[in-house]
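Examining the three-dimensional arrangement
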Amino acid sequence: MFLFDAHLDLAMNAVEWNRDITRPLDEVRRREKGMTDKRDRGNGTVSLPEMRRGGIGICVATQIGHSVAEDSPLPGWKSPEIAWAHTQAQLAWYRAMEEAGQMQQIVDRADLQRHLQIWQDGPSEETARAPI
């Protein structure tokens, strides 16, 4: 089965939460056991291996960086410049995942057709995994 996920905060999980989501989800959760810096530590909900196992072949991988007023109780960055810088770190992570063969950015029809062919054919001997 081939599924499309319309919104995933993959880079935020990696950059802000310092999660290596290329690892199995149980390992990610185990690494966070006992950590208290964020409320939901140990409850990670996504990893690239789990996405592949679940048949998610394409996702809209987001960049998150919103600024809020200094006195706002909402989470966010205290200036547009800080928010922008945070998104650039997320973009760098996505590019690193592409270089590592974990993900593939789809920008045109030809990219989409190649990606779908990889998923249809399954992993080759050279690739241990199909990119998301």
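Below: a short report on this structure. Sequence order sets the numbering: in each chain, residues are counted from 1 along the sequence as written. Confidence filtering applies because this is a predicted model: local features only for residues at pLDDT of at least 70, side-chain atom pairs given and counted only at 80 or more, and all residues used for totals across whole chains, interfaces and linings. Where side-chain values are given, they derive from all heavy atoms of the structure, hydrogens and water being excluded.

**Comments concerning the overall build of the protein chain**
Keep this limit in mind: Secondary structure is summarised from DSSP: a helix means a run of H or I of at least four residues, a strand means a run of E of at least two, and numbering begins at the N terminus for each. In what follows, a contact means two residues having at least one pair of non-hydrogen atoms within 4.5 Å. With residues, only the protein chains shown are counted as cover, and all accessible areas are computed by Shrake-Rupley using a 1.4 Å probe. For this count, His and the chain ends are skipped, Lys and Arg are scored as positive, and Asp and Glu as negative. To locate a charge, the coordinates of NZ of Lys, CZ of Arg, CG of Asp or CD of Glu are taken.
What the protein chain contains, in helices and strands, is 5 helices and 2 strands. Walking the protein chain from its N terminus toward its C terminus, one meets helices and strands in the order β-α-α-α-β-α-α. Projected onto its principal axes, the C-alpha coordinates of the protein chain cover approximately 55 × 35 × 25 Å. Residue pairs at least 24 apart in sequence account for 61% of intrachain contacts in the protein chain once pairs closer than 6 positions are excluded. Entry remark: accessible area of the protein chain is about 8,600 Å², with carbon and sulfur atoms responsible for 53%. The average position of the 16 basic charges and that of the 20 acidic charges among the side chains of the protein chain differ by 5 Å.

**Quick word on the nonpolar core**
The test is simple: By convention a nonpolar core is built from buried Ala, Val, Leu, Ile, Met, Phe, Trp, Tyr and Cys residues, the set being connected through side-chain atoms within 4.5 Å. Residue exposure (1.4 Å probe, protein chains only): buried if accessible area is under 20% of the type maximum, exposed if over 50%, otherwise partly exposed.
Counting 15 residues, the largest nonpolar core has Leu-10, Leu-48, Met-51, Cys-59, Trp-93 and Met-103 as the members making the most contacts within it. Breaking this core down by element, the ones donating at least two residues are helix H1 (10–15), helix H3 (48–53), strand S2 (56–61) and helix H4 (80–99). Once you skip the residues sitting within four places of it in the chain, Met-51 turns out to touch Leu-8, Leu-10, Val-46, Ile-56, Cys-59 and Ile-132.

**Here's the deal with helix H5 (residues 109–121)**
Formally: The span expected for a helix works out to 1.5 Å for each residue beyond the first. Here the arc refers to the directions that run from the helix axis out to each C-beta atom. Residues adjacent in sequence count toward polar contacts only when both atoms are side-chain atoms; beyond that, a polar contact is any pair of N or O atoms within 3.5 Å, and within protein one must be able to donate a hydrogen and the other to accept it.
Between the first and last C-alpha of H5 there are 18 Å, a value that for 13 residues agrees with the 18 Å anticipated at 1.5 Å per step. The complete set of buried residues in H5 reads Asp-111, His-115 and Trp-119. Projected onto a plane normal to the axis of H5, the buried residues spread over an arc of 70° and lie on a single side. More than 90 degrees from the buried face of H5, the exposed residues found are Arg-109, Gln-113, Gln-120 and Asp-121. Residues of H5 that are buried make contact with H3 and S2. Of the residues that open H5, the one with a side-chain oxygen 3.2 Å from the backbone nitrogen of Ala-110 is Asp-108.

**Quick notes on the environment of Val-60**
You can see Val-60 is positioned in strand S2. Val-60 sits 53 residues away from His-7 along the chain, and the two C-alpha atoms are 5.1 Å apart. Excluding residues that lie within four positions of it along the chain, Val-60 makes contacts with Phe-4, Asp-5, Ala-6, His-7 and Leu-8.

**Remarks on a nonpolar patch on the surface**
Let me state the cut-off plainly: Exposure above 30% relative accessible area and no salt bridge define the residues that can form patches, which grow by joining like charges within 9 Å and nonpolar side chains of Val, Leu, Ile, Met, Phe, Trp and Tyr within 5 Å. Basic side-chain nitrogens of Lys or Arg form a salt bridge, by our definition, when they fall within 4 Å of a carboxyl oxygen of Asp or Glu.
Taken together, the side chains of Phe-2, Ile-106, Leu-112 and Leu-116 present a nonpolar region at the surface, about 280 Å² in accessible area. Tracing the backbone through its elements, the reader meets Phe-2 in the segment before strand S1 (3–8).

**A look at helix H2 (residues 25–32)**
Buried residues of H2: Leu-25, Glu-27, Val-28 and Glu-32, and no others. Around the axis of H2, the buried residues are gathered within 165° of arc, so they sit on the same side. Opposite the buried face of H2, at more than 90 degrees from it, the exposed residues are Asp-26 and Arg-30. Buried residues along H2 sit in contact with H3. The positive-phi residue at the C-terminal boundary of H2 is Gly-34, with phi of around 85°.

**Some thoughts on the environment of Ala-69**
Locating Ala-69 in the fold gives a position in the loop between S2 and H4. Sequence-wise, Ala-69 and Pro-80 are 11 residues apart; in three dimensions their C-alpha atoms are separated by 10.0 Å.

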